[in-house]
Amino acid sequence: MTASAPQPAESAAFASALELIGAVEPRVAAAIRQELNDQRESLKLIASENYASPAVLAAMGNWLSDKYAEGTVGRRFYAGCQNVDIVESVAAEHARELFGADHAYVQPHSGIDANLVAFWAVLAQTVEAPALRDAQARHVNDLSDAAWETLRRELGDQRMLGMSLDAGGHLTHGFRPNISGKMFHQRSYGTNPTSGLIDYDEVRQIAAEFRPLILIAGYSAYPRRINFRLMREIADDVGATFMVDMAHFAGLVAGKVLTGDFDPVPHAHIVTTTTHKTLRGPRGGMVLCKEELSEHVNRGCPMVLGGPLPHVMAAKAVALAEARTPDFRRYAQAVVDNAAALAEGLLRRGVTLVTGGTDNHLVLVDVSAHGLTGRQAEAALLDAGIVTNRNAIPCDPNGAWYTSGIRLGTPALTTRGLGTAEMDAIAELIHTVLVNTQPAAGPDGNRSPAKYVLDAATCGKVAQEAANLVAGYPLYPAVDLG
Ligand code: DSN
């Protein structure tokens with residue numbers, strides 16, 4: 001999305017849409033307009049966010065939204081789904097071809113939903129549970145309480161092994177606050193305390209002891225590649241199903257930056273993802289799997305999903321078509337190059353990074369050396385116009401709320417066209433904020449994990465430089481709303 005002149009068609013399309021909306025509810029039209037302005041002005045380093053193309057956005061705003069289409073292509077619970085069938089088939093075809101998957105299911109509304117579809121598919125395929133087959137064969141609303149009770153009994157004690165939350169794993173990989181933590185008994189593997197890297201021997205040892213039904217790999221805050229060939233070997237040794245949640249790095253797989261041992265699709269039995277992060281599509285999810293799991297995956301709706309969102313599936317089809325182009329490959333490589341440049345810039349200035357660097361799209365900064373919590377660093381950076389999010393680091397003494405880390409990611413700024421020189425400039429800005437922010441006392445006089453002081457002059461100077469940086473790389477340059 002590098003600089004180009006406003007295009008009359010794109011500008012007119014979005015301006016007309018806003019006019020229509022504004023005639024009914026002006027506050028909503030104003031908020032949409034303001035969101036564009038805010039995003040244009042923000043130096044966004046949230047590792048899980050991106051900017052979808054105007055074509056992807058436009059695919060979501062239309063009458064496909066009006067259609068109910070529970071079931072899947074060829075097996076709908078509603079009549080009149082011929083156009084939804086086309087959209088869903090095209091998205092699935094692109095996904096299969098792009099990722100080299102046997103099967104693609106493009107209905108999940110989010111990453112959590114995609115994971116739930118995958119968990120239930122694995123349970124249905126591997127656990128002898130007639131009640132589950134029965135549940136899948138009907139509409140979920142038709143199940144009696146007694147049927148659910150039987151189902152729970154039959155599923156029994158199932159186990160999942162995933163990456164620990166503070167090492168960068170995800171809540172939906174069997175942790176208590178998520179339903180997966182209630183469906184499965186969970187154990188985690190962490191990272192080596194010295195290198196910060198996954199210790200595959202440790203994973204092997206825990207898997208041998210714990211014997212999980214599902215071994216899951218994937219992360220939301222691990223700045224390194226995972227060797228999926230090794231993980232699959234470990235799963236095979238203990239008879240586990242190997243699942244990968246590639247939500248964060250799907251765009252790097254699509255863009256052929258992650259290949260061979262680092263491409264999950266050939267190695268995993270089942271792969272889930274979101275479509276809005278590095279993949280740069282609409283907000284949503286997707287499941288890819290081997291043929292033997294496809295029938296169970298296709299029962300995701302109505303087993304665990306509400307009615308599909310045909311307009312979002314249309315946008316997924318558009319985004320996946322975009323991801324098949326040479327341009328997208330260049331983009332994926334630039335995301336990783338930019339993350340490396342950001343990491344090098346921070347390291348050169350003495351900032352501590354978990355694992356000492358990155359080889360994917362994200363960087364995890366340990367801010368404890370600056371005497372700060374992640375929450376203080378996140379807020380001070382935001383004051384200075386730099387949008388990040390706080391994140392726990394391995395064995396974090398400040399827990400998941402205040403944390404000791406901030407997570408930085410390059411997918412969004414790379415979409416705007418910023419390159420490695422700008423990443424070095426951003427490293428300078430981040431370093432300036434970190435060294436000039438001091439923890440402050442709370443109302444009781446004690447040091448507070450949330451309060452901080454950043455002098456106004458430094459804050460203003462960094463904010464101005466951040467604004468200048470993004471101003472040079474206009475967002476949605478083809479859209480001029482007047
Ligand atoms: N919320 C996503 C992230 O920021 O990584 C993961 O679900």
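Whatever comes next refers back to the structure up there.
This report concerns the structure included in the present document. Fair warning: this is a prediction, and the values are worked out from it, not measured in the lab. (Residues numbered from 1 in each chain as written. Predicted model: local features only at pLDDT ≥ 70, side-chain atom pairs only at ≥ 80, totals over all residues. Heavy atoms only, no water.)

**A look at the site of the ligand**
Then, number 1: Residues in contact with the ligand, as listed here, are S48, H170, S220, H248, K277 and R407.
Then, number 2: The side chain of S48 places a nitrogen or oxygen atom 2.7 Å from an oxygen atom of the ligand.
Then, number 3: A distance of 2.7 Å separates an oxygen atom of the ligand from a polar side-chain atom of H170.
Then, number 4: Coverage of the ligand by the protein chains reaches 62% of its 230 Å² of free accessible surface.
Then, number 5: Among the residues forming the shell around the ligand, the class breakdown is no nonpolar, 4 polar and 2 charged. (Near = heavy atom within 4 Å. Polar contact = N/O pair within 3.5 Å; in protein donor to acceptor, adjacent residues only side chain to side chain. Areas by Shrake-Rupley, 256 points an atom, 1.4 Å probe, with all protein chains shown as cover. Nonpolar A, V, L, I, M, F, W, Y, C, P; charged D, E, K, R; others polar.)

**Comments concerning the sheet that holds strand β10 (residues 285–289)**
Then, number 1: Reading across from one edge, β4-β10-β9-β8-β7-β5-β6 is the order of the 7 strands in this open sheet, with mixed pairing throughout. Strands with a single pairing partner mark the edges of an open sheet, and in this sheet they are β4 (103–105) and β6 (185–189). Averaged over all pairs of adjacent strands, the angle between their axes in this sheet comes to 20°, without regard to strand direction.
Then, number 2: Each of β4, β5 (159–163), β7 (214–218), β8 (241–245), β9 (270–274) and β10 touches helix α5 (residues 111–126); the most contacted strand, β9, lies at about 165° to it. (Pairing = 2+ DSSP bridges. Helix = DSSP H or I, 4+ residues; strand = E, 2+ residues; numbered from the N terminus. Axes fitted to C-alpha atoms, helices over the stretch in contact; angles between N-to-C directions. Contact = heavy atoms within 4.5 Å.)

**Let's talk about the packing of aromatic side chains**
Then, number 1: For the structure shown, the criterion picks out 7 aromatic pairs.
Then, number 2: Ring plane angle 10° and centroid distance 5.0 Å describe the contact between Y68 and Y78, whose orientation is recorded as stacked. Here the residue Y68 occupies a position in the loop between α3 (54–60) and β2 (71–72), and Y78 occupies one in the loop between β3 (75–76) and α4 (82–99), the gap between them amounting to 10 residues.
Then, number 3: You can call Y68 partly exposed: its relative accessible area is 45%.
Then, number 4: Between the aromatic rings of Y219 and F249, the centroid separation amounts to 5.1 Å while the plane-to-plane angle is 25°, which identifies the pairing as stacked. (Phe/Tyr/Trp six-rings, centres within 6.5 Å; stacked < 30°, edge-to-face > 60°. Buried < 20%, exposed > 50% of the residue type's maximum accessible area, 1.4 Å probe, protein only.)

**Regarding the side chain of T272**
Then, number 1: For T272, the location among the structural elements is in strand β9.
Then, number 2: The exposure class of T272 is buried, given its relative accessible area of 1%.

**Quick word on the nonpolar core**
Then, number 1: Counting residues in hydrophobic clusters, the biggest one holds 67 residues, and the most contacted among them are F99, Y189 and L288.
Then, number 2: Here F99 is in contact with M246, A250, V253, A254, V265, L279, M286, L288 and L320, once residues within four sequence places are set aside.
Then, number 3: Counting 34 residues, the second largest nonpolar core, distinct from the first, contains V363, V365, L434 and L469. (Core = buried A, V, L, I, M, F, W, Y, C linked by side-chain atoms within 4.5 Å.)

**Comments concerning unusual backbone geometry**
Then, number 1: With an omega dihedral of 15°, the bond running from C301 to P302 counts as a cis peptide bond.
Then, number 2: Counting through the fold element by element, P302 comes out in helix α14 (residues 300–303).
Then, number 3: We note that R280 has phi near 65°; this positive angle belongs to a residue other than glycine.
Then, number 4: Checked against the element boundaries, R280 lands in the loop between β9 and β10.
Then, number 5: Judged by its relative accessible area of 17%, R280 is buried.

**Thoughts on the sheet that holds strand β11 (residues 352–353)**
Then, number 1: Read across the sheet, 4 strands follow the order β11-β12-β15-β14 without closing on themselves; strand pairing throughout is antiparallel. Strands with a single pairing partner mark the edges of an open sheet, and in this sheet they are β11 and β14 (389–391).
Then, number 2: In terms of strand pairing, β14 meets strand β15 (residues 405–409) through 3 bridges, oriented antiparallel. The residue bridging N391 from the neighbouring strand is G405, located in β15.
Then, number 3: On top of the sheet, helix α16 (residues 326–348) reaches β11, β12 (362–366) and β15; it is set at about 20° to β12, its chief contact.

**Considerations on the packing of α4 against helix α15 (residues 310–323)**
Then, number 1: Two numbers describe how α4 lies on α15: the axes approach to 8 Å, and their chain directions differ by 30°. As α4 packs across α15, the resulting crossing turns out to be left-handed. Within the contact between the two elements, α4 uses V84, V87, E88, V90, A91, H94, A95, L98 and F99 and α15 uses P310, M313, A314, A317, L320, A321 and A323.
Then, number 2: Here the residues of the contact of α4 with α15 are counted per class, giving 14 nonpolar, 1 polar and 1 charged. (Left-handed = near helix turned anticlockwise from the far one by under 90°.)

**Comments concerning the environment of V265**
Then, number 1: Here V265 lies in helix α12 (residues 264–267).
Then, number 2: Using a relative accessible area of 4% as the deciding quantity, one classes V265 as buried.
Then, number 3: Aside from chain neighbours lying at most four places away, what touches V265 is F99, G100, A101, V271, L288 and K290.

**Thoughts on a nonpolar patch on the surface**
Then, number 1: On the surface, L20, I21, V28 and I32 cluster together to form a nonpolar patch covering roughly 340 Å² of accessible area.
Then, number 2: Tracing the backbone shows I32 in helix α2 (residues 26–41).
Then, number 3: Looking at I32, the relative accessible area reads 41%, which means it is partly exposed. (Patch = residues over 30% accessible without salt bridge, like charges linked within 9 Å, V, L, I, M, F, W, Y side chains within 5 Å. Salt bridge = Lys/Arg side-chain N within 4 Å of Asp/Glu carboxyl O.)

**Focus on the pattern of salt bridges**
Then, number 1: The full count for this structure, using the stated rule, is 20 salt bridges.
Then, number 2: A salt bridge links D327 to R330; its shortest N-O distance comes to 2.7 Å. Pair noted here: D327 and R330 are both in helix α16, with a separation of 3 residues, about one helical turn.
Then, number 3: On the accessibility criterion, D327 (52% relative accessible area) is exposed.
Then, number 4: The partner of D424 in a salt bridge is R348, and the shortest N-O contact between them spans 2.9 Å. Of the two residues, D424 sits in helix α20 (residues 420–436) while R348 sits in helix α16, which places them 76 residues apart along the sequence.
Then, number 5: Sharing partners across several salt bridges, the network here consists of R204, R229, E233, D237 and D261.

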